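Architecture at a glance
Each chain, written out:
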Amino acid sequence: MENKKKLSPYKIALIVLLVAVLGVGVYGTVIGIKATIKGKKEENPTTTTMPLSVSGAEKSFKNGRFSITLTSDFKEKEDSALEAFYSTDGVEVFALKESFEEYPESKNLTVEEYLNRLIMMNSDVNAELLKDSNGLYYVEYLYSGSGKVQRYNVYAFKTDDAFWTVDFIYPKRYTEKMIPYVEKWASTVEISQSGE
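Residues numbered from 1 in each chain as written. Predicted model: local features only at pLDDT ≥ 70, side-chain atom pairs only at ≥ 80, totals over all residues. Heavy atoms only, no water.

Our focus in this paragraph is the sheet that holds strand β3 (residues 66–71). Ordered by their spatial adjacency, 3 strands build an open sheet running β2-β3-β11, and the pairing between neighbours is antiparallel. In this open sheet, the two edge strands, each paired with only one partner strand, are β2 (58–63) and β11 (190–191). Examined bridge by bridge, β2 and β3 share 6 bridges and lie antiparallel to one another. Following the sheet pairing, Glu58 is matched in β3 by Thr71. (Pairing = 2+ DSSP bridges. Helix = DSSP H or I, 4+ residues; strand = E, 2+ residues; numbered from the N terminus.)

Turning our eyes to something else, we now look at the nonpolar core. Phe66, Ile68, Phe74, Phe168, Met178 and Trp185 are the most contacted members of the largest nonpolar core, which has 27 residues in total. Secondary structure elements with two or more residues in this core: β3, β5 (84–88), β6 (91–99), β9 (148–158), β10 (162–171) and α3 (175–187). For this core, the element with the highest residue contribution is β10, accounting for 5 residues. Here Phe168 is in contact with Ile68, Glu92, Val93, Arg151, Tyr152, Asn153, Tyr155, Val182, Trp185 and Ala186, once residues within four sequence places are set aside. Counting 20 residues, the second-largest nonpolar core is a separate cluster that includes Phe94, Leu118, Ala156 and Ile169. (Core = buried A, V, L, I, M, F, W, Y, C linked by side-chain atoms within 4.5 Å. Buried < 20%, exposed > 50% of the residue type's maximum accessible area, 1.4 Å probe, protein only. Contact = heavy atoms within 4.5 Å.)

With that out of the way, let us pick up α3. Compared with an ideal rise of 1.5 Å per residue, which puts 13 residues at 18 Å, α3 spans 18 Å between its outermost C-alpha atoms and is within 8% of the ideal. For α3, the set of buried residues is Thr175, Met178, Val182, Glu183, Trp185 and Ala186. Buried residues of α3, seen end-on, are gathered within an arc of 165° and therefore sit on one face of the element. Of the surrounding elements, those touching the buried residues of α3 are β3, β6, β9 and β10. (Expected span 1.5 Å × (residues − 1). Arc of directions from axis to C-beta.)

Attention now goes to the pattern of salt bridges. In the structure shown here, the tally under the stated rule is 6 salt bridges. Residue Glu58 is joined to Lys184 by a salt bridge in which the shortest nitrogen-to-oxygen separation is 2.8 Å. Here the residue Glu58 occupies a position in strand β2, and Lys184 occupies one in helix α3, the gap between them amounting to 126 residues. Judged by its relative accessible area of 54%, Glu58 falls in the exposed class. Look at Lys184 and you get partly exposed, because its relative accessible area is 43%. Here Lys97 ties to Asp161 by a salt bridge, and the two come within 3.8 Å at their closest N and O atoms. Taken as a pair, Lys97 in strand β6 and Asp161 in the loop between β9 and β10 lie far apart in primary sequence, 64 residues in all. Salt bridges sharing partners connect three or more residues here, namely Arg65, Lys97 and Asp161. (Salt bridge = Lys/Arg side-chain N within 4 Å of Asp/Glu carboxyl O.)

Moving on, we come to the packing of aromatic side chains. Tallied over the full model, the rule gives 13 aromatic pairs. Plain terms: the ring middles of Tyr138 and Tyr155 are 4.9 Å apart, the flat faces sit at 20° to each other, and that makes the pair stacked. Of this pair, Tyr138 sits in strand β8 (residues 137–145) while Tyr155 sits in strand β9, and the two are 17 residues apart along the sequence. Neither residue differs from the other here; Tyr138 and Tyr155 are each classed as buried. Seen in terms of ring centroids, Tyr141 and Tyr152 are 4.8 Å apart; in terms of plane orientation they differ by 15°. Their pairing is stacked. With Tyr141 in strand β8 and Tyr152 in strand β9, this residue pair connects regions lying 11 residues apart in the sequence. Given the relative accessible area of 10%, Tyr141 is considered buried. Here a set of aromatic residues connected by ring pairs shows up, and it is made of Phe74, Tyr138, Tyr155, Phe168, Tyr181 and Trp185. (Phe/Tyr/Trp six-rings, centres within 6.5 Å; stacked < 30°, edge-to-face > 60°.)

The values are spatial; any link to function lies outside them.
Encoded structure:
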């Protein structure tokens, strides 16, 4: 994974959109993708069973400088545009890297400022900056398509040479049950510095 093409923030946003579309099972022409508007009636997550495969034993994954602990339900996938990509039934996790060499204006940003910049660059998405129970910042937003709504929790991590985003994608109706898993997984992310 060493000779990767550098992606602009706009290409990254496009990848996020494509993964959202594929994640809800739409293959072929993309029609009717739109950001979900806040205030829409929520499903009751306490009455929804969770058929997602996320309860297996802990399993650590390492891909280059990136590592994360998920569950044994996840399988590693290949995608040359991503630093790492893992999926299981209904849940996807992927990591992207934005180099300071390509985007020097990012170098002096904090994680919170970087995530706010992502929100501004994707103003058509109703995103919100939040802090989880472990003190990690993330951006949360919804995408809907093909009658399904996917929730994105996008965490950011900073190394000496780049910002890394780690996206956790799952069906919105399982939010209440998934948040503890996502927060636990995000807390296990480790990214080595460029010289290590």
